[in-house]
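A look at the structure
Listed below are the residues making up each chain.
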Amino acid sequence: MTPVEPWRFTVLGYQAGLAQPFFLGLVLAGLLVGLLALVSSLRRRSRARAVLHERHAERFTPGVSVWRPATRGGLYGLGLALFGFALAQPQCGTKSELTKRRGIDVVVALDASKSMLARDVQPSRLERAKLELTTLLDELKGDRVGLVVFAGDAFIQSPLTSDYSAVKLFLRAVDPEMMPQGGTNVGAALRLAKQVLDNADRGSKERVVVLLSDGEDLGGEVGDATDALKEAGIQVLTVGVGSESGEPIPVFDRRGEFVDYKKDADGNTVITRLDRAGMTALSEATGGAFFFQPRGVAMSQVVERIDQMQKSELESRVTVRYDERFQAFAIPGLAMLVLGMLLLPSSRRRAS
């Protein structure tokens, strides 16, 4: 069901609105209940007059009231209508509040090279890396996240943002077949991640690059990038994806069907392995750490590490908050329902 947008309007110079106007349907239902109760009572009275003369109706139907059922139904209907209006969340008057978001800036460098198609972890290294990143986005609280995707070259997939759902949307579009240049250039990804952090508006004191990769670096630029990150005080937390035993790289056709395994120039099958030593050395050089869970998700440990870092004020904004007035309708609605239950349909008087 598509959510209904809040209604906003002005009443006597005050900002007012209904946060959940969908529930106004209950108001109409309550009014309909009251109307049906009145019509039913009048019809019952007409049928009694048709059978009995008006002078004998009181004698043969002692204590039977025409207006009691109508009043009872009206109370139920009015109570339902008031509850419906309360559920619509009527609001009147506003308050201005200063909200602050505290956290750190995190840039995730995601390896999208062909080696990430290897299936030594299921369903593939890339899908496992996406799962790790999704876990990170689900567990972060207030931190800004950016996404850099790389193969032979690196590019910004998502700028720094606190909108985690937007990052997830960009993540779905990552595909090794769409990368403009083959290979694996970890150094280019690290330099671009540093650039994103350096250009951040009101950047945090603590800054982190999370590298998701199998660690194979064919670019040879990691050393310079690592030195630049260390000098800037940016930690690199590496998350290894893959196995050290190695796995061939599958090749797929345009329809996504498996064709063969990747071969080198001599026709030998290329085997890709997790470079645990290289990723560990990279992270430790910047004061970071290496994380690896062959049968689980390592990102929870990364989140624990991030939570221990010093948080900074990343942004502050003035938000307008509407004053809720649902109590003024919910309490009378409850009173109407209670009165309806206490009111009997007849006075049960005995004939004299």
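Above: the structure in question.
Cut-offs and rules
Sequence order as written defines residue numbering, which begins from 1 separately in each chain. Local features are withheld for residues below a pLDDT of 70 in this predicted model, meaning they are given only at 70 or higher, and side-chain atom pairs are given and counted only at 80 or more; totals for whole chains, interfaces and linings count all residues. The basis for every side-chain value is the complete set of non-hydrogen atoms in the structure, without hydrogens or water. Put simply, DSSP H or I for four residues or longer makes a helix, DSSP E for two residues or longer makes a strand, and each gets a number counted from the N terminus. What a helix should span is 1.5 Å times the count of its residues minus one. Only protein chains enter the accessibility calculation, which uses a 1.4 Å probe; a residue is then buried when its area is under 20% of its type maximum, exposed when over 50%, and partly exposed in between. As used here, the term nonpolar core means buried Ala, Val, Leu, Ile, Met, Phe, Trp, Tyr and Cys residues forming a set that is joined through side-chain atoms within 4.5 Å. At least two bridges found by DSSP between two strands are what make those strands a pair. For helices, the axis comes from a line fit to the C-alpha atoms of the stretch in contact; other axes are also lines fit to C-alpha atoms, and the angle between any two N-to-C directions lies between 0 and 180 degrees. By definition in these notes, contact holds between two residues if any of their heavy atoms fall within 4.5 Å. The aromatic pairing rule takes the rings of Phe, Tyr and Trp, using the six-membered ring of Trp, and pairs them if the centres are within 6.5 Å, calling planes under 30 degrees apart stacked, those over 60 edge-to-face and the rest tilted. One speaks of a salt bridge when a side-chain nitrogen belonging to Lys or Arg is within 4 Å of a carboxyl oxygen belonging to Asp or Glu. Each polar contact in these results corresponds to two N or O atoms within 3.5 Å; when the atoms are within protein, one needs to be able to donate a hydrogen and the other to accept it, and residues that are neighboring in sequence are counted only if both atoms are side-chain atoms. Roughly parallel refers to an angle under 35 degrees, roughly antiparallel to one over 145, roughly perpendicular to one between 65 and 115, and oblique to any angle outside these ranges. Crossing handedness: left-handed means the near helix sits turned counterclockwise from the far one by under a right angle, and right-handed means the same turn made clockwise. Amino acids outside the nonpolar list (Ala, Val, Leu, Ile, Met, Phe, Trp, Tyr, Cys, Pro) and the charged list (Asp, Glu, Lys, Arg) are all regarded as polar, and Gly is one of them.

This part covers helix 6 (residues 186–198). Helix length check: helix 6, at 13 residues, gives a terminal C-alpha distance of 18 Å against a target of 18 Å (1.5 Å per residue), a fit within 8%. Judged by how many residues are buried, helix 6 sits mostly within the fold: 10 of 13 residues are covered. Of the positions making up helix 6, those classed as buried are Val-186, Gly-187, Ala-188, Ala-189, Leu-190, Leu-192, Ala-193, Lys-194, Val-196 and Leu-197.

The biggest cluster of nonpolar side chains holds 36 residues, and the ones touching the most others in it are Val-108, Val-210 and Leu-212. Of all the elements in the fold, those that place two or more residues in this core are strand 4 (105–111), helix 4 (125–139), strand 5 (144–150), helix 5 (164–172), strand 7 (207–213), strand 8 (234–240), strand 13 (289–291) and helix 9 (299–307). Take this core: its biggest share by element is five residues, from helix 4.

On to the sheet that holds strand 8. With respect to topology, six strands assemble into an open sheet ordered 6-5-4-7-8-13, the strand pairing being mixed. Across the chains shown, the open sheet's two edge strands, defined by having one partner strand only, are strand 6 (154–161) and strand 13. For this sheet the average axis-to-axis angle between neighbouring strands, irrespective of direction, equals 20 degrees. Here strand 5 runs beside strand 6; their pairing, made up of five bridges, is antiparallel. Bridge pairing in strand 6 links Val-148 to Ile-156. On top of the sheet, helix 5 reaches strand 4, strand 5 and strand 6; it is set at about 160 degrees to strand 6, its chief contact.

What follows deals with the packing of aromatic side chains. For any pair of aromatic rings, the description rests on two quantities: the centre-to-centre distance and the angle between the ring planes. All told, the structure shown has five aromatic pairs when counted by the stated rule. Consider the rings of Phe-252 and Phe-258, whose centres lie 6.4 Å apart with planes at 75 degrees: the pair is edge-to-face. Accessibility expressed as a relative area gives 45% for Phe-258, which makes it partly exposed. Clustering of aromatic rings is evident, with ring pairs tying together Phe-252, Phe-258 and Tyr-261.

With that settled, the discussion passes to unusual backbone geometry. Omega for the peptide link from Gln-122 to Pro-123 comes to -5 degrees, which places this bond in the cis form. Within the fold, Pro-123 resides in the loop between strand 4 and helix 4. For Gln-89, which is not a glycine, the phi torsion comes out positive at approximately 55 degrees. Of note, Gln-89 is situated in the loop between helix 3 (67–87) and strand 3 (90–103).

On any regular strand, side chains alternate: one points to one face of the sheet, the next to the other face. Relative to strand 2 (residues 14–18), strand 1 (residues 7–11) is paired through five bridges, and the arrangement is antiparallel. Note on strand 2: the bridge partner recorded for Arg-8 is Gly-17. Taking the residues between adjacent antiparallel strands as the criterion, strand 1 and strand 2 are bridged by two residues, where Leu-12 takes a positive phi near 55 degrees.

By the definition in use, this model includes nine salt bridges. A salt bridge links Asp-120 to Arg-125; the nearest nitrogen and oxygen atoms lie 2.7 Å apart. In this structure, Lys-194 engages Asp-198 in a salt bridge whose closest nitrogen and oxygen atoms are separated by 2.7 Å. Residue Lys-194 and its partner Asp-198 are both found in helix 6; the two are separated by four residues, about one turn of the helix. Through salt bridges with shared partners, a single network forms among Asp-120, Arg-125 and Asp-214.

Right, let's talk about the side chain of Lys-194 for a bit. Within polar-contact distance, the side chain of Lys-194 engages the side chain of Asp-198 at 2.7 Å. Leaving out residues up to four positions away in the same chain, Lys-194 has contacts with Ala-228, Leu-229, Ala-232 and Ile-234.

A separate point is the packing of helix 4 against helix 9. The contact between helix 4 and helix 9 brings their axes to 9 Å, and the two run at 40 degrees. If you check the angle between helix 4 and helix 9, you find them oblique. Both helix 4 and helix 9 take part in a crossing whose hand is right-handed. Of the residues in helix 9, those touching helix 4 at Glu-132, Leu-133, Thr-135, Leu-136 and Glu-139 are Met-299, Ser-300, Val-303 and Ile-306. Here the residues of the contact of helix 4 with helix 9 sort into five nonpolar, two polar and two charged.

Before going further, it helps to examine the environment of Val-121. Mapped onto the elements, Val-121 comes out in the loop between strand 4 and helix 4. In this structure Val-121 comes out as buried when scored by relative accessible area, which is 7%. Non-local contacts of Val-121, meaning those with residues more than four positions away in its chain, are made with Arg-128, Val-241, Gly-242 and Pro-294.

Within the element layout of this structure, Tyr-76 appears in helix 3. Residue classification places Tyr-76 among the partly exposed residues on the basis of a relative accessible area of 28%. Between the C-alpha atoms of Tyr-76 and Val-33, which are 43 residues apart in sequence, the distance is 7.5 Å. Those residues in contact with Tyr-76 that lie beyond four places of it in its chain are Leu-337, Gly-340 and Met-341.

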